[in-house]
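Analysis of the macromolecular model
One-letter residues, chain by chain:
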Amino acid sequence: MAERAPAADSEAGESSDGDAPASESALPTRSYLLLIAICGCGDATYMVLAPFFPQRAEEVGLSQTANGLIFSVFMWGGLVVTPIATWLSRNTSSRLLLGTCVLLQAGLTACFALAPLLTKGWQWFAFCFTLRLLQGVIAAIYEVAVSSLIMCSVDVENVGTALGVQEAARGVGLMIGPAVGGILYAAGGFALPFLASAGALALLGGLVFLSLDDETIGDDDEREHVTFSDVLAQPAICVVTALLVALAMALSVLDPILGPFVQETFALSPGGIGLVFSAATLSYALLSPVIGWVGRRCGDFAVLTGGMLISAASFFLMGPCPWLPAGMLPTNVWLLVFAMLSVGIGSATLTCAVPCMLAICERSGFETEEVSDVISGLLSFSWSLGALVGPIYGSGLVQAFGFPEATSETGVLLLALTFAGTAVFQLYEPAPAVKRLAASFLGESPPCGEEDAPVIGGSNAAAAERLDDFARAASAELAARRAGRAAPLEALQQPLLEPRRTAVNSIA
């Protein structure tokens, strides 16, 4: 029997005769690992130029704003092509789509080695801008396909862990990309980092064609799908998407500005600059698989907002914040490294966003298979938008105010978005504590199914009376939810009341 991916639930294959085993859609281990490797190598390629490219671009006359445009245009392509990527993921052979995209990405990466042949600033800008734009388009297509395949291959409760492993691989790529880029640049010049990255991608693209087939990775043309508008009609989904954009921006805002600041302030080599970049991606990679587990126990949205607060605090430490009393925080490289580690910790919580969105969709009557492509597209869109805005925003602020004040203003922005997003989210998906507070303020009983529901006990008559109260409360609440796109009342009411009926039977 083929070995299954570790993220899939080992009990998923056990089902009744009338149900299809959930493990039929699970990925074999070699396929799962190949998809993970593609994610990691792709992100390493994206970051391999961070330690040396801004300095080389400045040598040919480009400003920091132009550098920011070159870094961020990668995400422009992803932002524009995300709806097309979702359609391609549904209607194209997965092996053909993945293999072709990875090989194209390898060719585009190799073309960067030709940039030193251009001596004029506008030629350098036009050439690199075009290559990064095309790279972003290709990356968005295969990332949507990979995330959708992984999401459909595991049970809903394990999606956070499975995507956490994927994000850990991406974090490793983001971590080793700058470090390897700086080392290869020092050893072989401008072309070597790009040629090495292209070779790794070409190898993975060949493995896709040689080792995967469409049956193995579970193409299913008969699945029902929903549209972006159906999912975004849920206000809570829009809030989670906005927070995802903010976290992606926090992780990318430093790409074009941190290298020059570190070189000017601490006189580090390109290899040292790459190691400073790697601090954030190290903590990101280490924590991403664990964050999914934490989210299942503490609440996905709570963990996501906690990550936002950690990221905001870390930006006040980077400059450090010029608004603090003089001498309160010293300007040294270790404080900067600690701040970068904190940015990685905060950004790792984005792995809780997908389980949070899937739970919201499930409460609205959608199945995971129906929304997996759309959620993958939203994840790609959010990451692309944040990574697009981040470098432009950071470059512009640094050019206007300097690095310390720019990072501090970024911290203020993250705090504002966290509080505003939490307030809106609680209006539509209130936590149990918020429901208890609202019920107490209005003098009403809490709705059925909450964590503070009374425990059944006492006499049979008292237990039956409590069940009737719960049933009436559930009927009222669920009837109100039917005004939206929710599951039938009977389907939702049955699992809500069945445990309490079982408890009454046991008492009898």
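Each remark here, short or long, concerns the structure printed above.
Residues numbered from 1 in each chain as written. Predicted model: local features only at pLDDT ≥ 70, side-chain atom pairs only at ≥ 80, totals over all residues. Heavy atoms only, no water.

**A short note on the overall build of the protein chain**
Each helix and strand in the protein chain was counted, giving 19 helices and zero strands. Residues classed as buried in the protein chain amount to 52% of the 508 residues present. Residue pairs in contact within the protein chain that sit at least 24 positions apart in sequence constitute 82% of those at least 6 positions apart. Looking at the protein chain as shown, the accessible area adds up to about 21,500 Å², and 64% of this sits on carbon and sulfur atoms. (Helix = DSSP H or I, 4+ residues; strand = E, 2+ residues; numbered from the N terminus. Buried < 20%, exposed > 50% of the residue type's maximum accessible area, 1.4 Å probe, protein only. Contact = heavy atoms within 4.5 Å. Areas by Shrake-Rupley, 256 points an atom, 1.4 Å probe, with all protein chains shown as cover.)

**Regarding a nonpolar patch on the surface**
A contiguous nonpolar surface patch, about 200 Å² in accessible area, is contributed by Val172, Ile176 and Val180. On the basis of relative accessible area, Val172 is assigned to the partly exposed category, the value being 37%. (Patch = residues over 30% accessible without salt bridge, like charges linked within 9 Å, V, L, I, M, F, W, Y side chains within 5 Å. Salt bridge = Lys/Arg side-chain N within 4 Å of Asp/Glu carboxyl O.)

**Considering the environment of Gly299**
Positionally, Gly299 belongs in the loop between helix H11 (270-298) and helix H12 (300-318). What makes Gly299 partly exposed here is its relative accessible area of 27%. It is 8.4 Å that separates the C-alpha atoms of Gly299 and Cys356, two residues lying 57 residues apart in sequence.

**What about helix H7 (residues 191-211)?**
Think of an α-helix as 3.6 residues a turn; residues three or four steps apart then line up on the same face. Between its first and last C-alpha, H7 extends 30 Å over 21 residues, near the 30 Å set by a 1.5 Å rise per residue. Buried within H7 we find Pro193, Phe194, Ser197, Ala198, Leu201, Leu204, Gly205 and Val208. The buried residues of H7 occupy an angular sector of 130° when projected down its axis, which confines them to one face. Projecting away from the buried face of H7 at angles above 90 degrees are the exposed residues Leu203 and Leu210. (Expected span 1.5 Å × (residues − 1). Arc of directions from axis to C-beta.)

**Looking at helix H10 (residues 258-266)**
Every buried residue belonging to H10 is among Leu258, Gly259, Pro260, Phe261 and Val262, and all of these are buried. The elements touched by buried residues of H10 are helix H2 (53-59), helix H3 (64-91), H11, H12, helix H13 (333-348) and helix H16 (403-428). Following H10 by one or two positions, Ala267 has its phi on the positive side, about 55°.

**Observations concerning the packing of aromatic side chains**
Taken as a whole, this structure holds 13 aromatic pairs when the rule is applied. When the centroid spacing of 4.7 Å and the interplanar angle of 50° are considered together, the rings of Tyr46 and Phe74 count as tilted. Pair noted here: Tyr46 is in helix H1 (residues 29-47) and Phe74 is in helix H3, with a separation of 28 residues, a long-range link. On the accessibility criterion, Tyr46 (8% relative accessible area) is buried. (Phe/Tyr/Trp six-rings, centres within 6.5 Å; stacked < 30°, edge-to-face > 60°.)

**Observations concerning the packing of H3 against helix H15 (residues 368-401)**
Look at H3 against H15: their axes get within 8 Å of each other, and the N-to-C directions meet at 170°. On the basis of the axis angle, H3 is roughly antiparallel to H15. (Axes fitted to C-alpha atoms, helices over the stretch in contact; angles between N-to-C directions. Parallel < 35°, antiparallel > 145°, perpendicular 65-115°, else oblique.)

**A short note on unusual backbone geometry**
Across the junction of Gly319 and Pro320, the peptide omega takes the value -5°, indicating a cis bond. Mapped onto the elements of the fold, Pro320 is located in the loop between H12 and H13.

**A look at the environment of Cys356**
Topologically, Cys356 is positioned in helix H14 (residues 353-363). Linking Cys356 and Arg296, residues 60 residues apart in sequence, is a C-alpha distance of 9.6 Å. Filtering out sequence-adjacent residues up to four positions away, Cys356 remains in contact with Val240, Asp300, Phe301 and Phe425.

**Topic: the pattern of salt bridges**
Per the counting criterion, the structure on display carries two salt bridges. Among the salt bridges present, the one from Arg56 reaches Glu59, with a minimum N-O distance of 3.6 Å. Within this pair, Arg56 and its partner Glu59 are both found in helix H2, separated by three residues, close to a single helical turn. Among the ionic pairs, Arg363 bridges to Glu429, the shortest N-O distance being 2.7 Å. Of this pair, Arg363 sits in helix H14 while Glu429 is found in the loop between H16 and helix H17 (432-442), placing the two residues 66 residues apart along the sequence. Classification of Arg363 by relative accessible area gives partly exposed; the value is 40%.

**A few points about the nonpolar core**
As a rule of thumb, nonpolar side chains are buried together in soluble globular proteins. With 121 residues, the main nonpolar core has Phe53, Val231, Leu254, Leu258, Met318 and Ile375 as its most contacted residues. With 14 residues, the top contributor of residues to this core is helix H5 (residues 121-152). Leaving out residues up to four positions away in the same chain, Val231 has contacts with Val226, Ile237, Cys361, Val371, Val374, Ile375 and Leu378. (Core = buried A, V, L, I, M, F, W, Y, C linked by side-chain atoms within 4.5 Å.)

**With respect to the packing of H14 against H15**
Where H14 meets H15, the axes come as close as 10 Å, and the angle between the chain directions of the two elements is 140°. What the angle tells us is that H14 and H15 run oblique. Helix-helix and strand crossings are classified by hand; for H14 and H15 the assignment is right-handed. Of the residues in H15, those touching H14 at Val354, Met357, Leu358 and Cys361 are Thr368, Val371, Ile375, Leu378 and Leu379. (Left-handed = near helix turned anticlockwise from the far one by under 90°.)

These figures capture arrangement, not role.
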